[in-house]
Amino acid sequence: MVRNLVPTLHAKQAPEIRLLAGEQSKDYRPTAKDTATYLQHAAKRFPDLHDAAVLGFEAGPRLKELRSLKIEDVHLQAVGSKTGYVYFRAADADPSNRAVPLTDAARRMLARRLAELAKRIGNHKTKWLFPSPRNGARPIAHKTIEDKHLTVRKELDLDPRFTCHTWRHEFCSRLGDSGAQAPVIMMLAGHRSLATSQKYVHITAGRAEDAILKMNTKLMATVGANTPYNFNYSKKSDNVSVMS
């Protein structure tokens, strides 16, 4: 007979996500409300910070990578891409160099920002996506971004664990929440270790069952009733025989 496996499957709990070596606690994640409040306040106080945070949440660059972005690295229209992409450079020939497809939010922000940068003249004309407020020939300073972030966080009385790195961490966490596999997260985030990406993958009973259903659907669409995996379960015993 066919045993009912579904109750057993759903009864199991998702495995505990273990911390990586050197981690003291699980990384902080802001609530949706805190994120929205932060972005709204940043847009009013420091537009550059708002745009940097949007890109951080939506594309996951390291702060160094974000600061190093040039206007030419943004591709709103690209052959072979449905969404466009932004290209992050960690260093020459670095495996972390990558093209990250654009979400709707990132695309809207970048289109607006590129239009604003195109209007700059004189010393404010720049090749950088995030230029220094004082000199367009240089990218914005790391400290400038962090100081503005700290000001907004303090004014809103947000959790002190909410750092600029939280943008990137939340990007990876959202990918994991959406069912992305560790190699995909590794590619999009530019992680150098698969172990780092793996901590964002959360396995649940529902996803385990979904994986089987997707596999079954693809198999049936490919070979249909001619599949050799048609099993004949005898009602009199637990023996399983393959139908010829």
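### Things to note about the pairing of strand β2 (residues 85-88)
Part 1 of the argument: Side chains of β2 alternate between two faces, with V86 and F88 buried and Y85 and Y87 left unburied.
Part 2 of the argument: When strand β1 (residues 74-75) meets β2, the two strands line up antiparallel, connected through two bridges. Looking at the pairing, H75 lines up with Y85 of β2.

### Some words on the packing of helix α2 (residues 32-45) against helix α6 (residues 142-156)
Part 1 of the argument: Two elements in contact, α2 and α6, have axes separated by 10 Å at closest approach and are oriented at 120°. Here α2 is positioned oblique relative to α6, judged by the angle of their axes. Crossing handedness for the pair α2 and α6: right-handed. The residues of α6 that touch α2, namely those facing T37, Y38, H41, A42 and R45, are H149, T151, V152, E155 and L156.
Part 2 of the argument: For the contact of α2 with α6, the residue count by class is four nonpolar, four polar and two charged.

### Describing the nonpolar core
Part 1 of the argument: The biggest cluster of nonpolar side chains holds 44 residues, and the ones touching the most others in it are Y38, L49, L55, V86, L129, I145 and W167.
Part 2 of the argument: Of all the secondary structure elements, the ones that give two or more residues to this core are α2, α3 (47-59), α4 (63-67), β2, α5 (104-118), α6, α7 (164-177) and α8 (182-189).
Part 3 of the argument: The dominant element in this core, judged by the number of residues it contributes, is α3, at seven residues.
Part 4 of the argument: When near neighbours in sequence (up to four residues on either side) are disregarded, L129 contacts L55, L69, K70, I71, V74, L110, R113, L114 and L117.

### Examining the side chain of E170
Part 1 of the argument: Turning to its location among the elements, E170 is positioned in helix α7.
Part 2 of the argument: By relative accessible area, which is 5% here, E170 ends up buried.
Part 3 of the argument: Excluding residues that lie within four positions of it along the chain, E170 makes contacts with R29, P30 and F57.

### With respect to the pairing of strand β3 (residues 98-101)
Part 1 of the argument: Of the two faces of β3, the one lined by R98 and V100 is fully buried and the one lined by A99 and P101 carries no buried residue.
Part 2 of the argument: Examined bridge by bridge, β2 and β3 share four bridges and lie antiparallel to one another. The partner of Y87 across the bridge, within β3, is A99.

### Remarks on the packing of aromatic side chains
Part 1 of the argument: Throughout the structure, instances matching the rule amount to two aromatic pairs.
Part 2 of the argument: Taking 4.8 Å as the distance between ring centres and 35° as the angle between the ring planes, the aromatic pair formed by Y38 and F162 counts as tilted. With a gap of 124 residues between them, Y38 in helix α2 and F162 in the loop between α6 and α7 connect regions that are remote in the sequence. Assigned by exposure class, Y38 and F162 land together as buried.

### Comments concerning the side chain of S132
Part 1 of the argument: Looking at the element boundaries, S132 is found in the loop between α5 and α6.
Part 2 of the argument: In contact with S132, other than residues within four places in its own chain, are R138, P139 and I140.

### Regarding the pattern of salt bridges
Part 1 of the argument: The final tally for this structure, using the stated rule, is 14 salt bridges.
Part 2 of the argument: The partner of R113 in a salt bridge is D48, with the nearest N and O atoms 3.0 Å apart. Of this pair, R113 sits in helix α5 while D48 sits in helix α3, and the two are 65 residues apart along the sequence. Across the pair, exposure class does not vary: R113 and D48 are buried alike.
Part 3 of the argument: Sharing partners across several salt bridges, the network here consists of R29, E58, E170, R174 and D177.

### Digging into α8
Part 1 of the argument: For α8, the complete set of buried residues consists of A182, I185, L188 and A189. End-on view of α8: buried residues confined to an arc of 130°, all on one side of the axis.
Part 2 of the argument: The inward-facing, buried residues of α8 abut α3, β3, α7 and α9 (194-198).
Part 3 of the argument: Just beyond α8, the residue with positive phi is G190, at close to 75°.

Calculation rules
Residues numbered from 1 in each chain as written. Predicted model: local features only at pLDDT ≥ 70, side-chain atom pairs only at ≥ 80, totals over all residues. Heavy atoms only, no water. Buried < 20%, exposed > 50% of the residue type's maximum accessible area, 1.4 Å probe, protein only. Helix = DSSP H or I, 4+ residues; strand = E, 2+ residues; numbered from the N terminus. Pairing = 2+ DSSP bridges. Axes fitted to C-alpha atoms, helices over the stretch in contact; angles between N-to-C directions. Parallel < 35°, antiparallel > 145°, perpendicular 65-115°, else oblique. Left-handed = near helix turned anticlockwise from the far one by under 90°. Contact = heavy atoms within 4.5 Å. Nonpolar A, V, L, I, M, F, W, Y, C, P; charged D, E, K, R; others polar. Core = buried A, V, L, I, M, F, W, Y, C linked by side-chain atoms within 4.5 Å. Phe/Tyr/Trp six-rings, centres within 6.5 Å; stacked < 30°, edge-to-face > 60°. Salt bridge = Lys/Arg side-chain N within 4 Å of Asp/Glu carboxyl O. Arc of directions from axis to C-beta.

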